[in-house]
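Chain and residue survey
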Amino acid sequence: MLDNQEKRHPYDFALWKARKEDSEPSWPSPWGHGRPGWHIECSTLANIAFGRELDFHSGGKDLLFPHHHNEMVQCCAFHDMNKWSSFWLHTGHLHLKNDVKMSKSLSNTILIREMLSKYTSNHFRMFCLLSPYRNDKEYSDEKMIKPVNLVNSFSSFLNLCDNFANKKITTLQFIADENEVFQKLEETRKKIHVFLSNDFDTCSMIEELSSLVNFMNKNFQSCEQKDQNYDLNRHYGCVISVHNFIKWLLEIVGLVFDEEKNLKSNLKVDDIVSKSLKFRKLVRNFALDKDRKLSKETKMELLKYCDDFREDLNDSNIEFKDHKTETIWKIKH
């Protein structure tokens, strides 16, 4: 840079690049045929789309200098201002185990369709949420275990709440005091507000949401049949409030749970799965019926067939859980 006599200052950067070959894209200008430099190109597009000021500007940490620095210098000079973007967010790089960042030029990328053949978009979003956005992230099957488990945990909890509130399962009751639940929910809200206000600390947010789910799950209790005096309405409000808060917050950070309904509709599997599970339920209850004079071996064999059926459906991304004599199911995210 220091030897370039065309520059007034060694840190000056190109605003216009002259055409070197006729095949290059170019436009006429007072300086000859050429095209905008990288930095001025981005500044122009940002100004056209968002105006003279930005609230947030983001990008990979490798763009901090010179690209973002040069964008800022140009825009501040053009608009005669001292601040162009209020906040800058620079993210870490994604890389494979013991490898440098993923880059097309390095031929060490994993195609999105390849990743989605093993994991869902929700799994990958959760993977990103589990570490600070500024940090580099190592992608591997081992690193994906926790996010997969967390997504399944949240999805199962939301599904459980839906079935409980809609009275689709009668052998489950919620035993926590309503005031205790609302107090726990409010404490969680406040903590998460603090976490997200601290440079988008999504890892602590997910940890706090998991704690809330664990608290709720411990208070769902199986029973033979709900007591006639059990009042669902006393617990409906607090259960749905927790359900709605968790679903709302996870969807804000990019997870999608309503796609399950669309998937059911498109594949038309709702009736098929429900009727299949009804048949399995009859077989399972037949084996569990103490009044039936079945040998122990016969009962165990029938229950094994039921378990095998469950695992087969699980392999097809249909998950269900047995609660005493009832079964609820969902399509896995």
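About the cut-offs
Residues numbered from 1 in each chain as written. Predicted model: local features only at pLDDT ≥ 70, side-chain atom pairs only at ≥ 80, totals over all residues. Heavy atoms only, no water. Core = buried A, V, L, I, M, F, W, Y, C linked by side-chain atoms within 4.5 Å. Buried < 20%, exposed > 50% of the residue type's maximum accessible area, 1.4 Å probe, protein only. Helix = DSSP H or I, 4+ residues; strand = E, 2+ residues; numbered from the N terminus. Expected span 1.5 Å × (residues − 1). Arc of directions from axis to C-beta. Contact = heavy atoms within 4.5 Å. Disulfide = S-S within 2.5 Å.

**As for the nonpolar core**
Core analysis: the largest hydrophobic core is formed by 35 residues, its most contacted members being Phe 154, Phe 157, Phe 174, Leu 209, Phe 220 and Ile 246. Elements supplying a minimum of two residues to this core: α4 (121-129), α5 (141-165), β7 (172-174), α6 (178-197), α7 (202-218) and α8 (232-252). Element by element, the count of residues in this core is highest for α5, at eight residues.

**Examining helix α10 (residues 270-288)**
In this model α10 runs 26 Å from its N-terminal to its C-terminal C-alpha over 19 residues, within 8% of the 27 Å that 1.5 Å per residue would give. Taken as a whole, α10 has its buried residues at Val 273, Leu 277, Arg 280, Arg 284 and Ala 287. Down the axis of α10, the smallest arc covering the buried residues is 70 degrees, so these residues share one side. Those residues of α10 that are exposed and angled more than 90 degrees off the buried face are Asp 271, Lys 275, Lys 278, Phe 279 and Leu 282. Looking at the buried positions of α10, the neighbouring elements they touch are α11 (296-315), β9 (318-323) and β10 (326-331).

**Let's talk about the environment of Ile 240**
Locating Ile 240 in the fold gives a position in helix α8. Look at Ile 240 and you get buried, because its relative accessible area is 15%. Spatially, the C-alpha atom of Ile 240 lies 6.9 Å from that of Cys 161, the residues being 79 residues apart in sequence. Not counting residues up to four positions away in its chain, the partners in contact with Ile 240 are Cys 161 and Ala 165.

**Here we look at the side chain of His 95**
Structurally, His 95 is set in strand β5 (residues 94-96). Sequence-distant contacts of His 95, that is, excluding residues within four places in its chain, are made with Val 100, Lys 101, Met 102, Asp 136, Lys 137, Glu 138 and Tyr 139.

**A few points about the state of the cysteines**
On inspection of all chains with the given rule, the structure shows zero disulfides. We note that Cys 128 lacks a disulfide partner, and the nearest cysteine sulfur, in Cys 203, lies 12 Å from it. The class of Cys 128 is partly exposed, set by a relative accessible area of 29%.

None of the figures reported here should be taken as evidence of function without further support.
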